[in-house]
Amino acid sequence: MSKFTKKRGKASPAISTASLPDIIFMLLFFFMVVTVMRSSDRLVDVIVPEATELTKLEKKSLVNQIYIGKPKDQYRDIYGTSPRIQLNDKISDEDDIPIFLEKHKIKVPENQRSKITSSLRVDGEVTMGIVQDVKTALRKANQLKINYSTRPKAN
Amino acid sequence: MLKRKKNNRVSNEVNAGSMADIAFLLLIFFLVTTTIDIDKGITVKLPPWSNEEVDPTKLNKRNVFSVLVNADDQLLVRGELAEVEQLRERTKEFIANPEKREDLAEKPTKAIISLKNDRGTSYETYIQVYNELKAAYNELWTEKLNTMPGYSDAIFNNELPLEIRRQVRAEIPFVLSEAEPTNFGEE
């Protein structure tokens, strides 16, 4: 009996860790590909509404984001409590939209500029007035492809 | 010559043990910064800006499906109060008009959905209404698609060939006109 156990103990060598870096690198590449760097701090609270008829936005580089919502608690002293527009990392007005769009446009190759989509991330409790102003500004700037960002509805 | 070879062999093996540590470090960095939120939503094509207002009176009344949402988030569909839950079925019936009723659209290509809201309408309600209208079209497109050879169980989505999608959408075009909102109930 003792002979047996002794033999077994001896027979198990250290596991080779040589393939460990490969596995880790694989994971690393996965996360590198799916990572979206959070480019700007959110200054407004946004909880987007739910919907069922969703389209996925494919190319991140062709999307610019417009946030609309009430300013976060810590910014209420500066920006007030009524819903505001956030472009990049600043609270803005709809007058700033054309410049914002133009700044995004110059980063996109010319042949893909017609595919630029504006993603409107609007809080569900916001009234349509400010959304309408943004839509009008987008239409005037000839940015007609928009996407109302929504969460998938749980059935 | 022989001696040299031996020397080389000694320095050949690089210790790869720390490779895992480096990779781990990077991995943890990307794990922390990752936000896997695929941007999803309802895609809309806005009409180009023009100062001319479209005159809705020119249209035949039976072809227009008017949806009004007021500042209290109530729905008025073709002049009568309605619930969001009924909207999808009513829209489908209006566009397809299976019983060839006099007061519904002549044919799907002539149907126009007219959506109007107040400035005080909540965004959530607006999205719900828009979602229902879009869902009605998606269901009709799927039904249409199923009548085509080779697509009897297919669901209409963006993965279908563009040619097929165009064909289906030519039969039932998505026409949704949004009027300028009225100034009621803004905060």
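Presented here is an overview of the structure given in this document. Source: prediction; values computed, not measured.

When helices and strands are counted, chain B shows five helices and six strands. Expressed as a percentage of its 187 residues, the buried residues of chain B come to 36%. Long-range pairs, those at least 24 residues apart, make up 63% of the contacts in chain B with a sequence separation of at least 6. A total of about 12200 Å² of accessible surface is found on chain B, and carbon and sulfur atoms cover 53% of it.

Glancing now at the overall build of chain A. When helices and strands are tallied, chain A shows five helices and nine strands. The order of helices and strands in chain A, counted from the N terminus, is α-α-β-β-β-β-α-β-β-α-β-α-β-β. Looking at the 155 residues of chain A, the share that counts as buried comes to 41%. For chain A, the share of sequence-separated contacts (at least 6 apart) that also reach a separation of at least 24 residues comes to 73%. Just so you have it, chain A exposes about 9700 Å², and 53% of that area is on carbon and sulfur atoms.

In this section: the environment of Leu115(B). Residue and element names in this part refer to chain B. With respect to the helices and strands, Leu-115 occurs in strand S5 (residues 112-117). The buried category is assigned to Leu-115, whose relative accessible area is 1%. Every residue in contact with Leu-115, bar those within four places of it in the chain, is listed here: Val-67, Val-69, Tyr-126, Val-129, Tyr-130, Leu-133, Leu-176, Ser-177, Glu-178 and Ala-179.

The next subject is the nonpolar core. Counting residues in each nonpolar core, the largest one holds 56 residues, and the members touching the most others are Ile66(A), Ile68(A), Leu138(A), Tyr148(A) and Leu115(B). The biggest single contributor to this core is helix H4 (residues 123-146) of chain B, with ten residues.

Moving on to the interface of chain B and chain A. In many analyses, interface size is given as the accessible surface area lost on bringing the parts together. Counting residues at the interface gives 49 residues for chain B and 53 residues for chain A. For the chain B and chain A pair, buried surface summed over both sides reaches about 4800 Å², with 61% attributable to carbon and sulfur atoms. The largest contributions to the chain B side of the interface with chain A come from Asp39(B), Leu46(B) and Tyr123(B), which together make up 18% of the buried area. Counting the contacts that link chain B with chain A gives two salt bridges. Notably, a salt bridge pairs Asp133(A) with Arg119(B), separated by 2.9 Å at the nearest N-O pair. The tally of links from chain B across to chain A stands at 20 residue pairs in polar contact (both at pLDDT 80 or more). Ranked by residues supplied to the side of chain B that touches chain A, first place goes to helix H2 (residues 17-33) of chain B with ten residues. Its residues placed into classes, the side of chain B that touches chain A shows 23 nonpolar, 13 polar and 13 charged.

Parameters and conventions
Note on numbering: residues in each chain are counted from 1, in written sequence order. Note on labels: chains are lettered from A, ligands numbered from 1, in written order. Local features in this predicted model are restricted to residues whose pLDDT is 70 or higher, and side-chain atom pairs enter the listing and the counts only when it is 80 or higher, whereas totals over whole chains, interfaces and linings include all residues. To get the side-chain values, take all heavy atoms of the structure and skip hydrogens and water. Secondary structure elements are taken from DSSP: a helix is a run of H or I of four residues or more, a strand is a run of E of two residues or more, and numbering for both begins at the N terminus. Throughout this description, buried means an accessible area under 20% of the type-specific maximum (1.4 Å probe, protein chains only), exposed means over 50%, and partly exposed covers the range between. By definition, residues are in contact when any of their heavy atoms lie within 4.5 Å. Under the convention used here, a 1.4 Å probe and the Shrake-Rupley method define accessible areas, while residue burial counts only the protein chains that appear. Grouping buried Ala, Val, Leu, Ile, Met, Phe, Trp, Tyr and Cys residues that are joined through side-chain atoms within 4.5 Å yields what is termed a nonpolar core. Note: buried area is the sum, over both parts, of the accessible area (probe 1.4 Å) each one loses when the two are combined. Counted as salt bridges are all cases of a side-chain nitrogen of Lys or Arg within 4 Å of a carboxyl oxygen of Asp or Glu. Each polar contact in these results corresponds to two N or O atoms within 3.5 Å; when the atoms are within protein, one needs to be able to donate a hydrogen and the other to accept it, and residues that are neighboring in sequence are counted only if both atoms are side-chain atoms. Nonpolar residues are Ala, Val, Leu, Ile, Met, Phe, Trp, Tyr, Cys and Pro. Charged residues are Asp, Glu, Lys and Arg, and all others, Gly as well, are polar.

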